[in-house]
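# A structural walkthrough
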Amino acid sequence: MAEPSTPPPAAAATSGLAGLEERLFVFFDKRSRRRLVQGLLVLAAVSIPLVGDSYLLEILTNSFFYIVLCLGLNIVVGYAGLLDLGYAAFFAVGAYTTGILTSQFDWNFWLTIPAAVFFSIIAGVIIGGPTLRLRSDYLAIVTLGFGEITRIAARNLKELTGGASGLIGINRPSFFGLELNQIHHYYYVFFILVLLAVFVSFRLQHSRLGRAWQYVREDEDAAEAMGIDRVAVKLYAYVIGAVFAGVAGCFFAGKMTAISPETFQFMQSATILMAVVLGGMGKIPGMIVGALALILFPEIFREIGSVRMLVFGVVLVMMMIFRPQGIWPERRN
Amino acid sequence: MTILDIIIQQLTNGLILGSFYSLVALGYSMVYGIIKLLNFAHGDIYMVGAFVGFVILSFVSTLLGDGWLGILPSMILAMTAVGFLGVLIQRIAYRPLLSAPRLSILIVAVGVSLVLFNSVMVVTIGEYKAFPSGLGYEGITMGHVHITYTQMVMVGATAVLMIALHLFIAKTIYGKAMRAISIDMDACRLMGIDVNKIIALTFFVGSSLAAAAGVMAGVYYGSIHFFMGFVIGLKAFTSAVIGGIGSIPGAMLGGLLLGLLESFGTQLPWVGTEWKDVFAFGLLILLLVFKPTGILGRTEIERM
């Protein structure tokens, strides 16, 4: 089938919303303007704890945490075009690694991070290795199964994980003698994590590997014909995404000091996926917008409570049909 | 209990469980065969089927009683209603995206699944509902094993549905069209087959089979709740893969096999009931490593 040629920019700029979008793209085309806006945003984020109350900080810290998870899932879904429905499992792997090692083996919090990275990689290779050789739909359902396995294992391995009631008394991290126990400490910790995640995502996106992901996502067969090892490239995406979630999970466990298997239900994975789709798959600012929207929406509309996921489901379907590129799409020429 | 008793007991349990898996797996496999979509919402269709059956039976049982006389017409009504629901979902959510990238339609399927089970959750306030059937426990006792008539009727009903489906696919012109579309959709369009109509019909048949399984599960377990479709969706997918996804006899065989494996698996000392789901998913992963085409599946030849 012949692809319709891309419409000329003038035609795209005629309608209201598309015109605004186009003008925004043109505005941010200049590197100096982008840098200025980014600098202002960082400055604003750094100074919020000076003025905001603890409720606001709690919500923003939570949003930062979801931004990291979204950036991680974005590598799998956005960059490589693979559907992962068990992403919460990797977050569980990180959280439980930290939880078990600090509360039962008395490890230092910071030493558990490399351990969590190690276990996330192992889990990613076990799940991704066999399934990524097949059609990518299989990955979706196998990851769904893996999410369930992880949750059931966390519930059944009672000696290690505390069973259904979970683990309590996880050591809080301390930083050069300062125990991190205030909300603004965690605000900054998660903010630094976001900056790191954004930096890593950005560098990956513009690396050789990032271009390979894009190629595989757009046309797998052509990519393979060009000499890209598609299985290896997809596995990298899957494992790197797993590591993001694993590290985020460590800090989650450190902040909460208690974790239970029910935190890592399918709904958790679906929520993260929802934020990624909402923000616009493949775009770093989109992930930030998506995660913020996802956390702030239920805070603002408190009364919707139980119908929240129903609304998410409807929005997910509508987004894919009417605006598959998300709120903040990637500009494609 | 002797070894023989345990074998008979687990054989019965496995056949019942396998019947449910097979009926749901058929829908997965049919839809996958025809439009290459993993319909994540299919497990939730089964759940909705159980709830629709629950509502219909509540009304019908006042007229015809809560025995099989009331259950069978309720089941048929529920199958029809849920079949139309399947067609509606296909029309609204999947059809606009048939030519879009694969990822989009998979995400939509996840969205549909969220919509279905959250709607039921909101309506039922997340509570378990007791299924209003009044079947007794009469049956045949063999040694220490008691097999109820209900269990026999269920396995029988599953067999009837499967034979009917087989005849439909093999003998009717609609079945022929389905088989043709799964081979080459574009060629079918050129031959004058109304492809959209046949896809809708596939969703109707698949959804109504899942609804039949849902109603039977309600009768069998006695209670239903909004999350019951999630795990069975995964298991039915596993069954479809065991049999070879896209293959109709494969889905039937795979479901029965998984049901039996799971029942006997719970007898293994290191599996037990706590780990039975892990056992099934572990099986799926192993299968995908060693024989992704399943027992009756054909090797897929990728064409550029």
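About the cut-offs
Residues numbered from 1 in each chain as written. Chains lettered and ligands numbered in written order. Predicted model: local features only at pLDDT ≥ 70, side-chain atom pairs only at ≥ 80, totals over all residues. Heavy atoms only, no water. Helix = DSSP H or I, 4+ residues; strand = E, 2+ residues; numbered from the N terminus. Rg over C-alpha atoms; globule rule 2.2 N^0.38 Å. Buried < 20%, exposed > 50% of the residue type's maximum accessible area, 1.4 Å probe, protein only. Contact = heavy atoms within 4.5 Å. Areas by Shrake-Rupley, 256 points an atom, 1.4 Å probe, with all protein chains shown as cover. Lys, Arg positive; Asp, Glu negative; His and termini not counted. Charge placed at Lys NZ, Arg CZ, Asp CG, Glu CD. Core = buried A, V, L, I, M, F, W, Y, C linked by side-chain atoms within 4.5 Å. Salt bridge = Lys/Arg side-chain N within 4 Å of Asp/Glu carboxyl O. pLDDT = per-residue confidence, 0-100. Expected span 1.5 Å × (residues − 1). Patch = residues over 30% accessible without salt bridge, like charges linked within 9 Å, V, L, I, M, F, W, Y side chains within 5 Å. Phe/Tyr/Trp six-rings, centres within 6.5 Å; stacked < 30°, edge-to-face > 60°. Pairing = 2+ DSSP bridges. Axes fitted to C-alpha atoms, helices over the stretch in contact; angles between N-to-C directions. Parallel < 35°, antiparallel > 145°, perpendicular 65-115°, else oblique. Nonpolar A, V, L, I, M, F, W, Y, C, P; charged D, E, K, R; others polar.

Our focus in this paragraph is the overall build of chain B. Assigned secondary structure in chain B consists of 11 helices and 4 strands. For 304 residues, the compact-globule estimate of 2.2 N^0.38 gives 19 Å, and the C-alpha radius of gyration of chain B, at 19 Å, lies within 12% of that figure. Principal axes of the C-alpha set define a box for chain B whose edges measure 60 × 50 × 40 Å. When burial is assessed residue by residue, chain B has 52% of its 304 residues classed as buried. Partitioning the intrachain contacts of chain B with sequence separation of at least 6 by distance along the chain shows that 77% fall at a separation of at least 24. About 13200 Å² of surface is accessible on chain B, with carbon and sulfur atoms providing 70% of the total. Here chain B carries 15 positive and 13 negative side-chain charges, and the mean point of each set is 14 Å from the other.

Let us now look at the overall build of chain A. When you go through chain A residue by residue, the secondary structure sums to 15 helices and 4 strands. Here chain A has a C-alpha radius of gyration of 20 Å; the compact-globule value for 333 residues is 20 Å, and the two agree. Each principal axis of the C-alpha distribution contributes one length, and for chain A these read about 60 × 50 × 40 Å. Buried residues in chain A amount to 51% of all 333 residues. Across chain A, contacts joining residues at least 24 apart in sequence account for 76% of those joining residues at least 6 apart. Put simply, chain A shows about 15600 Å² of open surface, and 66% of that area lies on carbon and sulfur atoms.

Moving on: the nonpolar core. Ranked by internal contacts, the top residues of the largest apolar core, which has 198 residues, are Leu83 of chain A together with Phe40 and Tyr94 of chain B. Ranked by residue count, the leading element in this core is helix 4 (residues 54-79) of chain A, at 16 residues. The residues contacting Leu83 of chain A, other than those within four sequence positions of it, are Leu139, Ala140, Thr143 and Leu273 of chain A together with Phe40, Leu103, Leu106, Ile107 and Val110 of chain B.

On to the interface of chain B and chain A. Across the contact, 45 residues belong to chain B and 42 residues belong to chain A. Counting every contact that joins chain B to chain A gives 0 salt bridges. For the side of chain B that touches chain A, the elements supplying multiple residues, two or more each, are helix 1 (3-35), helix 3 (68-94), helix 4 (102-124), helix 9 (228-243) and helix 11 (276-290) of chain B. The biggest single contributor to the side of chain B that touches chain A is helix 4 of chain B, with 16 residues.

A few words on the confidence of the model for chain A. Residues and elements named next belong to chain A. In this model, chain A carries an average pLDDT of 82, and 92% of its residues clear a pLDDT of 70 or more. Confidence, read as mean pLDDT per element, is least for helix 1 (residues 9-12) in chain A (44) and greatest for helix 12 (residues 230-256) (90). Note on residues 1-14: pLDDT is under 50 here. Beyond four places in sequence and across chains, it has 3 contacts.

Bringing helix 9 of chain B into the picture now. Residue and element names in this part refer to chain B. In this model, helix 9 (16 residues) spans 23 Å end to end at C-alpha, consistent with the 22 Å of a helix rising 1.5 Å per residue. Of all the 16 residues making up helix 9, 15 are buried; the element is thus mostly covered by neighbouring parts of the structure. A positive backbone phi angle near 105 degrees is found at Gly244, which sits one or two residues after helix 9.

Together, Phe105, Trp107, Leu111, Leu157 and Leu160 of chain A make up an exposed nonpolar region whose accessible area comes to about 480 Å². Its location among the elements puts Trp107 of chain A in the loop between helix 5 (87-105) and helix 6 (109-131).

Time to look at helix 7 (residues 136-156) of chain A. Here helix 7 of chain A is 21 residues long and its end C-alpha atoms lie 30 Å apart, about the 30 Å a rise of 1.5 Å per residue gives. For helix 7 of chain A, the tally of buried residues reaches 19 of 21 residues, placing the bulk of the element in the interior.

With that settled, the discussion passes to the packing of aromatic side chains. Residue and element names in this part refer to chain A. Taken as a whole, this structure holds 32 aromatic pairs over all chains when the rule is applied. Between the aromatic rings of Phe65 and Phe252, the centroid separation amounts to 5.2 Å while the plane-to-plane angle is 20 degrees, which identifies the pairing as stacked. One end of the pair, Phe65, is in helix 4; the other, Phe252, is in helix 12, and 187 residues separate them in sequence. Centroid distance Phe91 to Phe264: 4.9 Å. Interplanar angle 80 degrees. Geometry classified as edge-to-face. Of this pair, Phe91 sits in helix 5 while Phe264 sits in the loop between strand 4 (258-259) and helix 13 (266-279), and the two are 173 residues apart along the sequence. In terms of burial, Phe91 and Phe264 fall into one category: buried. Through successive ring pairs, a cluster of aromatic residues spans Phe65, Tyr66, Phe91, Tyr96, Phe109, Trp110, Phe190, Phe251, Phe252 and Phe264.

The phi angle of most residues is negative, glycine excepted, and most peptide bonds adopt the trans form. In this structure, Thr257 of chain A is a non-glycine residue whose phi angle is positive, near 60 degrees. Residue placement: Thr257 of chain A occurs in the loop between helix 12 and strand 4.

If you walk through the whole model with that rule in mind, you get 12 salt bridges over all chains. In this structure, Arg151 of chain A engages Glu148 of chain A in a salt bridge whose closest nitrogen and oxygen atoms are separated by 3.1 Å. Of this pair, Arg151 of chain A and Glu148 of chain A both sit in helix 7, 3 residues apart, which is roughly one turn of the helix. Among the ionic pairs, Glu262 of chain B bridges to Lys235 of chain B, the shortest N-O distance being 3.4 Å. With Glu262 of chain B in helix 10 (residues 248-265) and Lys235 of chain B in helix 9, this pair connects stretches of sequence that are 27 residues apart. Taken individually, Glu262 of chain B and Lys235 of chain B each receive the classification buried, so the pair is uniform in this respect. The structure contains a network of salt bridges with shared partners spanning Glu220, Glu224, Arg230 and Lys234 of chain A.

On to the pairing of strand 3 (residues 145-148) of chain B, then. All names here are of chain B. Here 4 bridges tie strand 2 (residues 139-142) to strand 3, and the two strands are oriented antiparallel to one another. Paired with Ile140 across the bridge in strand 3 is Ile147. Linkage of strand 2 to strand 3, two consecutive antiparallel strands, is achieved through a turn of 2 residues, within which Gly143 is found at a positive phi near 60 degrees.

For the rest of this paragraph, the subject is the packing of helix 6 (residues 173-183) of chain B against helix 8 (residues 195-221) of chain B. Residues and elements named next belong to chain B. In contact at an axis separation of 10 Å, helix 6 and helix 8 are set at 105 degrees when each is read in the N-to-C sense. The angle between helix 6 and helix 8 places the two elements in the roughly perpendicular class. Across the interface between the two elements, Tyr174, Ala177, Met178 and Ile181 of helix 6 pack against Val195, Ile198, Leu201 and Thr202 of helix 8. Counted by class, the contact of helix 6 with helix 8 contains 7 nonpolar, 1 polar and no charged residues.

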